[in-house]
Amino acid sequence: MGNKGRWEYLRTIYDRYRAAGREVKQVILNEFCVNTGYHRKYAIRLLNGAPPRRGKVRERRRGLTYSQETQAVLTAVWEAAGYPWSVRLKALLPQWLPWIRKRFRLRPEIERQLLRISARQMDRRLKAQKTQRRRSIYGRTKPGYLLKHHIPVKTDRWDVHQPGFTEVDLVSHSGNSASGEFAHTLNVTDIHTTWTESRAVLGRGEEAVQRALNEIAGVLPFALLGVDSDNGSEFINWHLKSWCEQRQIQMTRGRPYKKDDNAHVEQKNWTHVRKLLGWDRYDTHEAVAACNELYSRELRLWLNLFLPSVKLLEKVRVGSKVRRVYDAARTPFERVRECAGADAQKVAQLEQLRKQLDPFQLSRSVECKLQHISRLANRRLSPRAVQETAPEQTRGQRANGHGKTAALGNPAPPPRDSRFPTVAPTNFRLHLRCLDNPTYGYILKWLDR
């Protein structure tokens, strides 16, 4: 029986209950409790209380606090900012407000709603768009064994109070095939300020990685003090170790098969690389040059000057759950500006440059260059498209396989921890290459015989 039925039932028996004697009241009360499911004390209060109104029961509904126009502007800013987390998006809105006013010609009411909307309300408003852009990430870095015992392992929590200590990693752009030479993106993330730089290299050669790292060290607004990497042979080699010793740079590594040891850069591998370039294969010098043209210009300025990020301060255990406490969302540049160890001249140049740039124009330039890069992909060895798509796609569509640049509709591979995965015969080789267990490498060699 629904609420409306219970209310009508109460109206029907109310007068009869009030006029009945003690024994009849007990019978009516028992019947009322059985039919409605009410507790006996609650039923007594209803029957002895005020008479139920004859009018229709009205359902109270909360009115719309934020208009459709506010949601449209919020969605546009969220897409232009590269789909940030709601806490970062809320911190971003006041900073982007001068450019938002110019682009959307906001009314004062809409502007007040944008600044008043909470992070949780943003999640509710953007839930449908976020659902379309979810995808898992799978890396392909193989472990190396050179110099492992000569480089200390870094496993404890980073507790640094100055910029310069970084985590580095390579992101492969191999498409469906791990054979031959193809492009990689070198990601360098500073622990204290979250400042991130990226460079593309062709192959995983020691000299190419060292040159890219040397170039990144020259453009950082602070001195490079430490490099923490995984166990890949592109980092664990004498060439990079001697380069670090000459520059007095601390070199450490994580444990094999423990990606949490490099959690800071692993997160940036998605937000700064895979989310933009997808899973296509790039194996030409022209594609690498186009990626570096994007990484060294618009992308680094857009990500480091205009997009806030949050940092984990502590973890508090409450019973069986762990509650994470984060600091206020700030851009990497704001954190660099507060550091005493930052290069004052470079910080002043970046401050002047930030005043002259438009984040919406930067976002459009990034999108145009991504479309140019996608045309340089090796389509024969890239994931196949399930259906034809339009030539111009957004970053979110590329990252989720809806566009040309990303996995092009390729379904996400099975989980890593599956010991005996069930896959189609045509995708068996691709599935083995997506797993990190070195045992599968011997299976691939046996299949290629």
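Going by the structure above, here's the rest.
Report on the accompanying structure. The structure presented is a predicted model; accordingly, all values stated were derived computationally and were not measured.

Observations regarding the pairing of strand β5 (residues 250-253)
As defined by bridge partners, strand β4 (residues 226-229) adjoins β5 across four bridges and the pair is classed as parallel. Bridge assignment links Val227 to a residue of β5, and that residue is Met251. This β-α-β element, β4 to helix α10 (residues 238-246) to β5, shows right-handed connectivity.

With respect to the nonpolar core
Membership of the largest hydrophobic core comes to 78 residues, with the highest contact counts inside it found for Val77, Trp96 and Leu186. In terms of residue count, helix α12 (residues 285-306) provides more of this core than any other element does, twelve residues in total. Beyond its immediate stretch of four places on either side in the chain, Val77 contacts Leu89, Leu92, Leu93, Trp96, Ile100, Phe104 and Phe360.

So, the packing of aromatic side chains
All chains considered together, the criterion is met by ten aromatic pairs. Between the aromatic rings of Trp78 and Tyr83, the centroid separation amounts to 5.0 Å while the plane-to-plane angle is 75°, which identifies the pairing as edge-to-face. Like Trp78, the residue Tyr83 is buried in the burial classification. Ring geometry for Phe104 against Phe360: centres 5.9 Å apart, planes inclined by 75°, an arrangement best described as edge-to-face. Here Phe104 is found in helix α5 (residues 86-104), whereas its partner Phe360 is found in helix α15 (residues 359-374), with 256 residues between them in sequence. On the basis of relative accessibility, which here comes to 28%, the residue Phe104 falls in the partly exposed class. Judged by its relative accessible area of 6%, Phe360 falls in the buried class. Site record: aromatic cluster; members linked through ring pairs are Trp96, Trp99, Phe104, Phe306 and Phe360. Here the basic side chain of Lys25 rests over the ring of Tyr17, its NZ or CZ set 5.3 Å away from the ring centre.

Here's the deal with the packing of helix α4 (residues 68-80) against α5
Packing of α4 against α5 brings their axes to within 11 Å, and their N-to-C directions diverge by 105°. The angle between α4 and α5 places the two elements in the roughly perpendicular class. Of α5, the residues touching α4 (which contributes Val73, Leu74, Ala76, Val77, Trp78 and Ala80) are Leu89, Leu92, Leu93, Trp96, Ile100 and Phe104. Broken down by class, the residue content of the contact of α4 with α5 amounts to twelve nonpolar, no polar and no charged.

A closer look at helix α9 (residues 206-219)
Over its 14 residues, α9 runs 21 Å from end to end, which matches the ideal 20 Å to within 8%, given 1.5 Å per residue. For α9, the set of buried residues is Ala208, Val209, Gln210, Ala212, Leu213, Ile216 and Ala217. Elements that come into contact with the buried residues of α9 comprise β1 (165-173), β2 (183-190), β3 (196-202), β4 and α10.

So, a nonpolar patch on the surface
A contiguous nonpolar patch, built from Trp85, Leu312 and Tyr326 and spanning about 270 Å² of accessible area, is present on the exposed surface. With respect to the element layout, Trp85 can be found in the loop between α4 and α5.

Re the pattern of salt bridges
For the structure on display, the rule yields 19 salt bridges. Put simply, Asp283 and Arg281 hold a salt bridge, and the shortest N to O gap is 3.1 Å. Among the residues examined, Asp283 registers a relative accessible area of 22% and is labelled partly exposed. Given the relative accessible area of 3%, Arg281 is considered buried. For Lys369, the salt bridge is made with Glu298, and the minimal N-O distance between the two is 2.8 Å. Here the residue Lys369 occupies a position in helix α15, and Glu298 occupies one in helix α12, the gap between them amounting to 71 residues. Taken individually, Lys369 and Glu298 each receive the classification buried, so the pair is uniform in this respect. Salt bridges linked by common partners bring Glu197, Arg199, Glu215 and Arg300 together as one network.

Observations concerning the packing of α4 against helix α6 (residues 108-116)
One can describe the packing of α4 onto α6 by two numbers: an axis separation of 10 Å at closest approach and a directional angle of 60°. Comparing the axis directions of α4 and α6 gives the class oblique. Relative to α6, the crossing made by α4 is right-handed. In contact with Glu69, Thr70, Val73 and Leu74 of α4, α6 contributes Ile110, Gln113 and Leu114. When the residues that make up the contact of α4 with α6 are grouped by side-chain class, the tally is four nonpolar, two polar and one charged.

Observations concerning the sheet that holds β5
Pairing within the open sheet is mixed, and its five strands lie in the order β3-β2-β1-β4-β5. With one partner strand each, in any of the chains shown, β3 and β5 form the two edges of the open sheet. Mean inter-strand twist for the sheet, computed between neighbouring axes without regard to direction, equals 25°. Here β2 runs beside β3; their pairing, made up of seven bridges, is antiparallel. Paired with Thr185 across the strands is Ala200, a residue of β3.

Some thoughts on the environment of Leu46
Structurally, Leu46 can be placed in helix α3 (residues 40-48). Along the backbone, Leu46 and Tyr14 are 32 residues apart, and their C-alpha atoms lie at a distance of 8.8 Å. Beyond its immediate sequence surroundings of up to four residues, Leu46 is in contact with Leu10, Tyr14, Phe32 and Tyr38.

Reading the values: rules and limits
Residues numbered from 1 in each chain as written. Predicted model: local features only at pLDDT ≥ 70, side-chain atom pairs only at ≥ 80, totals over all residues. Heavy atoms only, no water. Pairing = 2+ DSSP bridges. Helix = DSSP H or I, 4+ residues; strand = E, 2+ residues; numbered from the N terminus. Right-handed = clockwise from strand over helix to strand, strands pointing away. Core = buried A, V, L, I, M, F, W, Y, C linked by side-chain atoms within 4.5 Å. Buried < 20%, exposed > 50% of the residue type's maximum accessible area, 1.4 Å probe, protein only. Contact = heavy atoms within 4.5 Å. Phe/Tyr/Trp six-rings, centres within 6.5 Å; stacked < 30°, edge-to-face > 60°. Lys NZ or Arg CZ within 6 Å of the ring centre and 35° of its normal. Axes fitted to C-alpha atoms, helices over the stretch in contact; angles between N-to-C directions. Parallel < 35°, antiparallel > 145°, perpendicular 65-115°, else oblique. Nonpolar A, V, L, I, M, F, W, Y, C, P; charged D, E, K, R; others polar. Expected span 1.5 Å × (residues − 1). Patch = residues over 30% accessible without salt bridge, like charges linked within 9 Å, V, L, I, M, F, W, Y side chains within 5 Å. Areas by Shrake-Rupley, 256 points an atom, 1.4 Å probe, with all protein chains shown as cover. Salt bridge = Lys/Arg side-chain N within 4 Å of Asp/Glu carboxyl O. Left-handed = near helix turned anticlockwise from the far one by under 90°.

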